[in-house]
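Secondary and tertiary structure notes
So you can see what is in the structure, the chains are spelled out below.
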Amino acid sequence: MVWCSFRSLASRHAATQWQHAMRSGTPSINMSSSFSVSFSHSAAGKHELVTREDKEKISILTLCNPAKRNALSLEMLTALRSHIIDVTDHSQPKTVIIIQAQGNVFSSGHDLKQLAASTPDEQAKIISLCSNVMTLLREMPQIAIAQVRGLATAAGAQLVASCDLAVADDKASFATPGVKIGLFCTTPGVAIARALPSAKRAMEMLVTGEAMSAQEALRLGFINKVVPADQLEHQTLELAQHIASFSRETLALGKKAFYQQTAKPSLDDAYLVANGVMTCNLGMADAKEGIKAFVEKRHPTWQS
């Protein structure tokens, strides 16, 4: 099947429903036939757990609970998901999002105290919500960059792995230590196994619980850059600005096609996807403008 549309996450109608629910405090909302989440404004606590700052074509989402090591609680995940949906709003489309965190821990993963105090149904809801957030990052048309300062463990490492790119400071580390407390990092393993080149290396992380340094993560391709701590914000933003200088529609098309073709079991199937998408791409206004600008030896003027 030739894929030529990138304008929805689950569906545009569902995204509109979600945005309305977040703004009005609707008790519950179905994002798809297989996922639902409860939400109330009072549950979010006394301060914003995730903030958003826009810089032209870039949105910066910041996890803001350093006192709890930016744990991915139900409330934190709900706020993060709300911002991800808002970023895809086509009235003010963005090209790149950066996910960063306050403090010296990017994220310690799930809020274990909250999970321990929850019923089985509530636990399932939190875990499903977390998986849904990770999936949205992969499916959204924007390029997602994790800006990692310090430690990223369990679902925190899953969040890094779920982003398209990652920049970390030289003291950062990544771990899935759940096995040490009798809780195997099964859902983080989904993203991590897809972000590492070897299933054996991913399994080693999962069964030993030992941390992987930023340098090792870079060597294995788990992250894209390691930079000095005082350069982390600048270099991440510089990367985001470079990417955002290109056509938003072309990047969205390319991201979708990349993950589709890499998931195919055979080379022939992968090329079948890529052939159709590249043909589609040639018919897009920005591709026509880019080729014309190249021939005329000038900078292109993108429509998106």
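Residues numbered from 1 in each chain as written. Predicted model: local features only at pLDDT ≥ 70, side-chain atom pairs only at ≥ 80, totals over all residues. Heavy atoms only, no water.

1. Some points on the overall build of the protein chain
Helix and strand content of the protein chain: 12 helices and 12 strands. Here the protein chain holds 304 residues, and the buried ones make up 49% of them. Taking all contacts inside the protein chain whose residues are at least 6 apart in sequence as the whole, residues at least 24 apart take part in 68%. Of the roughly 15,100 Å² of accessible surface on the protein chain, 56% is carried by carbon and sulfur atoms. (Helix = DSSP H or I, 4+ residues; strand = E, 2+ residues; numbered from the N terminus. Buried < 20%, exposed > 50% of the residue type's maximum accessible area, 1.4 Å probe, protein only. Contact = heavy atoms within 4.5 Å. Areas by Shrake-Rupley, 256 points an atom, 1.4 Å probe, with all protein chains shown as cover.)

2. A short note on the sheet that holds strand S5 (residues 96-101)
In any sheet, the strands associate via hydrogen bonds between backbone groups, in a parallel or an antiparallel arrangement. Across the sheet, which stays open at both edges, the six strands sit in the order S3-S4-S5-S7-S9-S12 with mixed pairing between neighbours. The sheet is open, and its two edges are formed by strand S3 (50-55) and strand S12 (225-227), each paired on a single side. Recorded for the sheet is a direction-independent mean angle of 20 degrees between the axes of neighbouring strands. One ladder, built from three bridges, connects strand S9 (residues 165-169) with S12; its direction is parallel. Across the sheet, the residue bridging to Val167 is Lys225, located in S12. (Pairing = 2+ DSSP bridges. Axes fitted to C-alpha atoms, helices over the stretch in contact; angles between N-to-C directions.)

3. What about the pattern of salt bridges?
With the rule as written, the count across this model stands at 10 salt bridges. Among the salt bridges present, the one from Asp164 reaches Lys255, with a minimum N-O distance of 2.9 Å. Here Lys255 lies in helix H10 (residues 248-262) and Asp164 lies in the loop between helix H5 (155-162) and S9, a separation of 91 residues in the sequence. Here Asp164 and Lys255 have matching classes, each one buried. As a salt-bridge pair, Arg298 and Glu289 come within 2.7 Å of each other at their nearest N and O atoms. A residue is classified by how much of its surface remains accessible, and Arg298, at 32% relative accessible area, is partly exposed. (Salt bridge = Lys/Arg side-chain N within 4 Å of Asp/Glu carboxyl O.)

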